[in-house]
Amino acid sequence: MTNLTPKSDKKSTSNVNPLQCLASAIISGGLATLAYMLMKSISETFASKPIISDNVFVVNISTAVRALVVGVIALAACMCAMVTLGLVALAIQIIIQRFTNKEMPPNEG
């Protein structure tokens, strides 16, 4: 069988602009902040409304669900915060590389 995909020797590198990185970091940081405020609001609501039940099973399941809800939102907030830090670091790296006039190494793949 023949290979239908043409191979080119040109190295295709996408030009990443530091401004694009910082704009994306602002969006991601905003999402992280909103997720954190949502997590804080939900945890305060859960803390102000205790579980009222005589059944131990109900109390245990309710506690687990509350912890799971807060944990998932905390995970989303942390993920967005890490993406924000990564994008800011990428913007700094691109700025430094432009000032030192060094090319990014080609992807060996």
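Look above for the structure.
Residues numbered from 1 in each chain as written. Predicted model: local features only at pLDDT ≥ 70, side-chain atom pairs only at ≥ 80, totals over all residues. Heavy atoms only, no water.

A. Examining the overall build of the protein more closely. The helix and strand inventory of the protein stands at two helices and zero strands. Within the span of the protein, comprising 109 residues, buried residues form 14% of the whole. Put simply, 80% of the contacts in the protein that link residues at least 6 apart link residues at least 24 apart. About 9100 Å² of surface is accessible on the protein, with carbon and sulfur atoms providing 67% of the total. (Helix = DSSP H or I, 4+ residues; strand = E, 2+ residues; numbered from the N terminus. Buried < 20%, exposed > 50% of the residue type's maximum accessible area, 1.4 Å probe, protein only. Contact = heavy atoms within 4.5 Å. Areas by Shrake-Rupley, 256 points an atom, 1.4 Å probe, with all protein chains shown as cover.)

B. Spotlight on the environment of Leu19. Mapped onto the fold, Leu19 is located in helix α1 (residues 18-48). A relative accessible area of 62% places Leu19 in the exposed class.

C. Molecular detail of the side chain of Thr84. Here Thr84 is to be found in helix α2 (residues 56-100). The class for Thr84 is buried, based on a relative accessible area of 15%. Separated by 3.0 Å, the side chain of Thr84 and the backbone nitrogen of Gly29 make a polar contact. (Polar contact = N/O pair within 3.5 Å; in protein donor to acceptor, adjacent residues only side chain to side chain.)

D. Here's a closer look at α1. Helix length check: α1, at 31 residues, gives a terminal C-alpha distance of 44 Å against a target of 45 Å (1.5 Å per residue), a fit within 8%. Within the span of α1, buried status applies to Pro18, Cys21, Ala25, Ser28, Ala32, Ala35, Met39 and Ile42. Packed against the buried residues of α1 are α2. (Expected span 1.5 Å × (residues − 1).)

E. Region of the structure containing the packing of α1 against α2. At a minimum axis distance of 8 Å, the contact between α1 and α2 shows a crossing angle of 160°. One element, α1, and the other, α2, form an angle in the roughly antiparallel class. Along this stretch, α1 crosses α2, giving a crossing that reads as left-handed. Here the residues of the contact of α1 with α2 sort into 26 nonpolar, five polar and two charged. (Axes fitted to C-alpha atoms, helices over the stretch in contact; angles between N-to-C directions. Parallel < 35°, antiparallel > 145°, perpendicular 65-115°, else oblique. Left-handed = near helix turned anticlockwise from the far one by under 90°. Nonpolar A, V, L, I, M, F, W, Y, C, P; charged D, E, K, R; others polar.)

F. Looking closely at a nonpolar patch on the surface. Taken together, Ile27, Leu31, Leu34, Tyr36 and Met37 make up a surface patch of nonpolar side chains, about 540 Å² in accessible area. For Leu34, the location among the structural elements is in helix α1. (Patch = residues over 30% accessible without salt bridge, like charges linked within 9 Å, V, L, I, M, F, W, Y side chains within 5 Å. Salt bridge = Lys/Arg side-chain N within 4 Å of Asp/Glu carboxyl O.)

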